[in-house]
Amino acid sequence: MTAVPTVAPSDEAVAHEVRALARRAKTASRELALLSAAHKNAVLLAAAQKIVAKSDDIIAANAVDEAAGAAAGMSESLTDRLRLNPARIDAVASGLRQVAALADPVGEVVDGRTLPNGLKLRQQRVPLGVVGIVYEARPNVTVDGFGLAFKSGNAVLLRGSASAARSNEALVRLVRETLAEHGLPEDAAQLLPSASHASVTALAQARGLVDVIIPRGGAGLINAVVAQATVPAIETGVGNCHLFVHAAADLDQAIAILLNAKTRRPSVCNTVETVLVDRAIADEAAPKIIAALRGAGVTVHGDLPGLVPAVEADWAEEYLSLDIALAVVDGVDGALAHIERWGTGHTEAIVTKNLAAADEFTARVDAAAVMVNASTAFTDGEQFGLGAEIGISTQKLHARGPMGLQALTSTKWVVWGDGQVRPA
């Protein structure tokens, strides 16, 4: 495992190191692809136990990261993502146990048939190989990423941010110890250097060594990785999520859903960032919604009197804080037009008692997840029954929405014959 250097090496040296780590991961991945589900589950459960047992060491390392972040002026939303405490460490360990309890996707037959010529075709799930993950400030992703990659038979290259370097080092050290104790290559889980962006570039361009790269973080990080990647990339996480309060909404229910979606944990990507109010009920509904938000400590931006005046950036903003934008729109068409212009394809929600309106909204909105009379906070791999998630994909190819084990596999066709040859 690579420690954070005190003096950043040259970009060329970092690239050389990343490629060397990727080659080792490629070698390890060949062994992981052949593991039984029982062997993988034993490793995951042992890693969970070790993380809980060493929680004091992890928290101590995390405290150093948090202190450094505070000294550097880190925002509260990023600090919240960085912070580990006993409850969050228990949750991290619980995520590994949940993954261990899930069915192993490797080897699952997803299609099969026998052709008229007697050839027996079977399409089955196989690991992707080497998965690279780039993420910001969230050390829980270190363990979630390992757990999901390992259970699906993949080696993982973890490139966390420098702000969480000590936390990530502590966690990866425990994971690698667990792998070694179970007779497996430690190189199945590796932490890349984080002192410079050069390691991200090198990872994103390690074509032939890395099979997929998954950026998790803000729009800037995701766009930067995708723009420079020659390795296939899966875009995840940017969540400018909307909640539309339709004319036929139960207003009390709408407010309860909105407060949960905004204030439960403002720093995560499934948080509502804009509330859209149907013009047909705006005179009654908007003041009540605004009062409820303010009562919960939320700053409301918009064009109505008394609000913080909205600028264009407010409609595009992923606040990740106790801020929200509010707009009055003309029915379902108005809500969909606003979302089409400003949404990021993550999660959109409607509150209504009108079935036709709900059906129209869900059919027409372009998003990875759509909620009807429910909080956007439910867009989560664990809540969807997938176990710990690798991220929430906002694109349409290879995976979309919360990504669990199956999203980290591909398929191959296995064809059994008995001497068949294709006619000329």
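The model shown is predicted, which means the values in this text are computed figures rather than measured ones. (Residues numbered from 1 in each chain as written. Predicted model: local features only at pLDDT ≥ 70, side-chain atom pairs only at ≥ 80, totals over all residues. Heavy atoms only, no water.)

Right, let's get into the side chain of D187. Inspection of the secondary structure assignment puts D187 in the loop between α7 (165–181) and β5 (189–191). The exposure class of D187 is buried, given its relative accessible area of 17%. (Helix = DSSP H or I, 4+ residues; strand = E, 2+ residues; numbered from the N terminus. Buried < 20%, exposed > 50% of the residue type's maximum accessible area, 1.4 Å probe, protein only.)

The subject of this paragraph is the layout of surface pockets. Rolling a probe over the atoms, with the probe sized like a water molecule, indicates the empty space that remains. Considering only enclosed or pocket space, the largest pocket measures out at about 780 Å³ in volume. Around the largest pocket sit 31 residues that line it, and R138, N140, R265, D380 and E382 are the ones nearest its centre. Sorting the residues of the lining of the largest pocket by element identifies α4 (76–82), α5 (86–101) and α6 (140–151) as the ones contributing at least two each. Per-element accounting of the lining of the largest pocket gives the leading share, 6 residues, to α5. Counted by class, the lining of the largest pocket contains 9 nonpolar, 10 polar and 12 charged residues. (1 Å grid on protein atoms, 1.4 Å probe; cavity = no way out; pocket = protein on both sides within 12 Å on 5 of 7 lines; lining within 4 Å. Points joined across faces, edges and corners; volume = space filled by probe spheres on them. Nonpolar A, V, L, I, M, F, W, Y, C, P; charged D, E, K, R; others polar.)

Per the domain assignment, the segments of the chain are domain 1 (15–235 + 402–414) and domain 2 (241–384). Put simply, the middle of domain 1 and the middle of domain 2, counted by C-alpha atoms, are 33 Å apart. At the junction of the two partners, domain 1 supplies 6 residues and domain 2 supplies 10 residues. Of the roughly 710 Å² buried where domain 1 meets domain 2, counting both sides, 46% is carbon and sulfur surface. Contact with domain 2 buries area across many residues of domain 1, yet S77, R81 and P402 alone supply 58% of it, more than any other trio. Linking R265 and D80 is a salt bridge whose minimum nitrogen-to-oxygen distance equals 3.4 Å. Here domain 1 and domain 2 share 4 residue pairs in polar contact (both at pLDDT 80 or more) between them. Looking at the side of domain 1 that touches domain 2 residue by residue, the classes come out as 1 nonpolar, 2 polar and 3 charged. (Domains from an automatic or database assignment. Contact = heavy atoms within 4.5 Å. Buried area = accessible area lost by both parts, 1.4 Å probe. Salt bridge = Lys/Arg side-chain N within 4 Å of Asp/Glu carboxyl O. Polar contact = N/O pair within 3.5 Å; in protein donor to acceptor, adjacent residues only side chain to side chain.)

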